[in-house]
Amino acid sequence: MPPEERLLPRFVAEPPQEELPYGRWEERLREEFLAAALKLADEPEDLGEPGAIAWYPDRTWHGRTYVPGTSRTANGYELFGYVRFVPAGEDGAPADFFAHVDFTDEVAERNPDWKLDLCEEVIGAWRGESGAVAAMTLVWGRPLVSGGAIVTAELADLAVDQCDLVDERFTLIAPDDYRHDLLDIKLFGPRGRELARESLYAGEDDGGDEEDAPAPSL
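A quick note: this is a predicted structure, and the numbers were derived from the prediction, not measured. (Residues numbered from 1 in each chain as written. Predicted model: local features only at pLDDT ≥ 70, side-chain atom pairs only at ≥ 80, totals over all residues. Heavy atoms only, no water.)

J.: I'd like a description of the overall build of the protein, backed by residues and values.
T.: A tally of helices and strands in the protein yields one helix and twelve strands. The C-alpha radius of gyration of the protein comes to 17 Å, within 12% of the 17 Å expected for a compact globule of 218 residues. Taken along its principal axes, the extent of the C-alpha atoms in the protein is 55 × 50 × 40 Å. Burial status across the protein gives 44% buried among its 218 residues. Residue pairs in contact within the protein that sit at least 24 positions apart in sequence constitute 60% of those at least 6 positions apart. When the accessible surface of the protein is split by element, carbon and sulfur atoms take 46% of a total near 11800 Å². (Helix = DSSP H or I, 4+ residues; strand = E, 2+ residues; numbered from the N terminus. Rg over C-alpha atoms; globule rule 2.2 N^0.38 Å. Buried < 20%, exposed > 50% of the residue type's maximum accessible area, 1.4 Å probe, protein only. Contact = heavy atoms within 4.5 Å. Areas by Shrake-Rupley, 256 points an atom, 1.4 Å probe, with all protein chains shown as cover.)

Here it is, written out as structure tokens:
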């Protein structure tokens, strides 16, 4: 095979290893998620009480497992974030829990043109050629069209991660904002037909500076 023209980290995260959280494990994750929500800065006065948390497939990267979640509040906002931990060690128990949660009023019901409902958070960085830096980004969400089977993350039309739908939900970890290329998230049916695509930057200025890529938050 000829040498690669684009040097990128591809498929760096482990595929999902567990079922969606339930039982006592779900309660543990929920405690971490809601504790982080209580520490939100600049939250609106009418944020409202969180409802049930929808959990998304786990992905493990750099020795840490990420389990994203979303929760709609009583007043129509959405809490979104993740719980991160070090997987079970010799004693059999996960450790070093950390949760990050934010909120938004941009929800699917108010955006009928959306085909995918996406959340994202930068969780690290990858240094490439000539000092260029990719923002390693956790992306999670659900399709708003039917018939999907698998979701991919693509950078300049090169697949850099993919995830099978689990209960109509997916999680990706992929490099973004690298040499002015930005991630596209694509939904495919079981026979490989593209059903939908969304940019993480829909409606935003696509001119990003690689020097401004975020620092790692490991």
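Next comes the rest of the description.
J.: Which residues make up the pairing of strand β3 (residues 64-73), and what values go with them?
T.: A regular strand carries its side chains on alternate faces of the sheet. With respect to burial, β3 is a largely interior element, eight of its ten residues being buried. In the sheet, strand β1 (residues 50-55) pairs with β3 via four bridges, with the strands oriented antiparallel. Looking at the pairing, I53 lines up with S71 of β3. Bridge count between strand β2 (residues 59-61) and β3: three bridges; the pairing is antiparallel. (Pairing = 2+ DSSP bridges.)

J.: If you had to explain unusual backbone geometry to someone new, which residues and values would you point to?
T.: A positive phi angle, close to 60 degrees, is found at D42, a residue other than glycine. On the basis of relative accessibility, which here comes to 75%, the residue D42 falls in the exposed class. Positioned with a positive phi, E168 is a non-glycine residue whose angle comes to about 65 degrees. In this fold, E168 is placed in the loop between β9 (158-164) and β10 (170-176).

J.: Quick one: what's the story with the sheet that holds strand β7 (residues 133-143), residue by residue and with numbers?
T.: In space, the three strands of this open sheet follow the order β6-β7-β10, with antiparallel pairing throughout. A strand with exactly one partner marks an edge of an open sheet, and here the two such strands are β6 (116-127) and β10. Sheet twist, expressed as the mean angle between neighbouring strand axes with direction ignored, is 20 degrees. As paired elements, β6 and β7 share eleven bridges and run antiparallel to each other. What sits directly across from V122, in β7, is T137. (Axes fitted to C-alpha atoms, helices over the stretch in contact; angles between N-to-C directions.)

J.: If you had to explain the layout of surface pockets to someone new, which residues and values would you point to?
T.: Each pocket or cavity is described by its volume, and for the second largest pocket that value is around 350 Å³. What lines the second largest pocket is a set of 18 residues, and nearest its centre among them are E18, E19, W25, D58 and F85. Residues belonging to the lining of the second largest pocket are distributed by class as follows: eleven nonpolar, three polar and four charged. (1 Å grid on protein atoms, 1.4 Å probe; cavity = no way out; pocket = protein on both sides within 12 Å on 5 of 7 lines; lining within 4 Å. Points joined across faces, edges and corners; volume = space filled by probe spheres on them. Nonpolar A, V, L, I, M, F, W, Y, C, P; charged D, E, K, R; others polar.)

J.: So, the pattern of salt bridges: which residues are in play, and what are the values?
T.: Summed over the entire model, instances satisfying the criterion amount to nine salt bridges. We note a salt bridge from E109 to R72, for which the minimum N-O separation is 3.3 Å. Note that E109 is positioned in the loop between β5 (95-104) and β6 and R72 in strand β3, a separation of 37 residues in sequence. Classification of R72 as partly exposed rests on a relative accessible area of 30%. Among the ionic contacts, a cluster of salt bridges with common partners joins R72, E78 and E109. (Salt bridge = Lys/Arg side-chain N within 4 Å of Asp/Glu carboxyl O.)

J.: Provide a residue-level description of helix α1 (residues 23-37), including the pertinent values.
T.: Given a rise of 1.5 Å per residue, 15 residues ought to cover 21 Å, and the 21 Å separating the end C-alpha atoms of α1 matches this to within 8%. Those residues of α1 that sit buried are E26, L29, E32, F33, A36 and A37. Buried residues of α1, seen end-on, are gathered within an arc of 140 degrees and therefore sit on one face of the element. Opposite the buried face of α1, at more than 90 degrees from it, the exposed residues are R24 and E31. (Expected span 1.5 Å × (residues − 1). Arc of directions from axis to C-beta.)

J.: Tell me about the sheet that holds strand β12 (residues 194-199), residues and numbers included.
T.: If you walk across this open sheet you meet the four strands as β9-β8-β11-β12, and the pairing is antiparallel. Here the strands that pair on one side only, and so sit at the sheet edges, are β9 and β12. With strand direction ignored, the average angle separating the axes of adjacent strands in the sheet is 20 degrees. Examined bridge by bridge, strand β11 (residues 183-188) and β12 share five bridges and lie antiparallel to one another. Within β12, the residue paired with K186 across the bridge is R197.

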